[in-house]
Amino acid sequence: MPAIYEVLSPTDAFFQEGIATTPNRRPVSESAMKSPGGGVSDRANRLTPEGDLEGALQLLKSHLLQAPLDNKLVALAGSLLEGQALIDFYRDLHKLAPDDWRLVVHLAGAYSQTGKDSLAVVQLQKLLRSETDHPEVWMELANCYKRLDKSELALRALYSLIDIQPNYAPAHVARLRYLLDAKDLEEATAASIFSLETQD
């Protein structure tokens, strides 16, 4: 099992966050409207102009519980909600299926979308104590660390993922990009050679 690296402690703000009483409403994006179960987007879009945002969100929750990795459903949620309302949406969803690691990734993503990458890291690190085999978790962790300007930790997350799944191409690409951003050309060259050998 790969090592789990630095855990960032939640800030005081984490415990003081207010619960949004009324979700913020944004227009449904064009990409979200093209959701693969187009019926979900169409029905949600019909409900929201009628003032039934809660009905639209309940519909979306039921479909996300069945297909948590459907990126277009996630995009639809992001079109309907923002800020604290989006965080609360995924918190509530995770309570309905607390053992589903994919919903933790979405909750972390909601934190990141509101500029709270440190809180996203906390959620992902907790998840990695019991679930280490999912590349989506490691990639999200690496992205959070990169945005927090913690490039070394971002690279460690990618190395851990590559140890688990040597043929996972996105991790190799991200590692090379991070090394080039850091102008570590020697390490980038070595990583490129390793990646090519691994893919062979």
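Small disclaimer: the values here were computed from a predicted structure and weren't measured.

### Considering the overall build of the chain
No. 1: When helices and strands are tallied, the chain shows twelve helices and zero strands.
No. 2: Each helix and strand of the chain, ordered N terminal to C terminal, gives the series α-α-α-α-α-α-α-α-α-α-α-α.
No. 3: Here the chain holds 200 residues, and 44% of them are scored as buried.
No. 4: Put simply, 58% of the contacts in the chain that link residues at least 6 apart link residues at least 24 apart.

### Notes on the packing of aromatic side chains
No. 1: Inspection of every chain in the model, using the stated rule, returns one aromatic pair.
No. 2: Centre to centre, the rings of Phe-89 and Tyr-90 are 5.1 Å apart; their planes meet at 80 degrees, and the pair counts as edge-to-face.
No. 3: A cation sits over an aromatic face here: Lys-146 above Tyr-178, 5.2 Å from the ring centre.

### Focus: the packing of helix H4 (residues 53-66) against helix H5 (residues 71-80)
No. 1: Contact pair H4 / H5: the axes reach a minimum separation of 10 Å and the direction vectors enclose 160 degrees. Looking at the two axes, H4 sits roughly antiparallel to H5. Helix-helix and strand crossings are classified by hand; for H4 and H5 the assignment is left-handed. Facing Leu-53, Leu-57, Leu-60, His-63 and Leu-64 of H4, the residues of H5 in contact are Leu-73, Val-74, Leu-76, Ala-77 and Leu-80.
No. 2: Across the contact of H4 with H5, the residue classes tally to nine nonpolar, one polar and no charged.

Here is what the cut-offs are and how they apply
- Each chain carries its own residue numbering, running from 1 in the direction its sequence is written.
- Local features are withheld for residues below a pLDDT of 70 in this predicted model, meaning they are given only at 70 or higher, and side-chain atom pairs are given and counted only at 80 or more; totals for whole chains, interfaces and linings count all residues.
- With hydrogens and water excluded, all non-hydrogen atoms of the structure serve as input to the side-chain values.
- Secondary structure is summarised from DSSP: a helix means a run of H or I of at least four residues, a strand means a run of E of at least two, and numbering begins at the N terminus for each.
- Residue exposure (1.4 Å probe, protein chains only): buried if accessible area is under 20% of the type maximum, exposed if over 50%, otherwise partly exposed.
- Whether two residues are in contact is decided by their heavy atoms, any of which lying within 4.5 Å being enough.
- Pairing of aromatic rings covers Phe, Tyr and the six-membered ring of Trp, with a centre-to-centre limit of 6.5 Å; geometry is then stacked below 30 degrees between planes, edge-to-face above 60, and tilted otherwise.
- For a ring to carry a charge above it, either NZ of a lysine or CZ of an arginine must fall within 6 Å of the ring centroid while also lying within 35 degrees of the normal to the ring plane.
- What counts as an axis is a line fitted to C-alpha atoms, over the stretch in contact for a helix, and the angles between N-to-C directions run from 0 to 180 degrees.
- Each angle gets one of four labels, with under 35 degrees taken as roughly parallel, over 145 as roughly antiparallel, 65 to 115 as roughly perpendicular, and the rest as oblique.
- By definition, turning the near helix anticlockwise from the far helix through less than a right angle yields a left-handed crossing, and turning it clockwise yields a right-handed one.
- For this classification, the nonpolar set comprises Ala, Val, Leu, Ile, Met, Phe, Trp, Tyr, Cys and Pro, the charged set comprises Asp, Glu, Lys and Arg, and every other residue, Gly included, is treated as polar.

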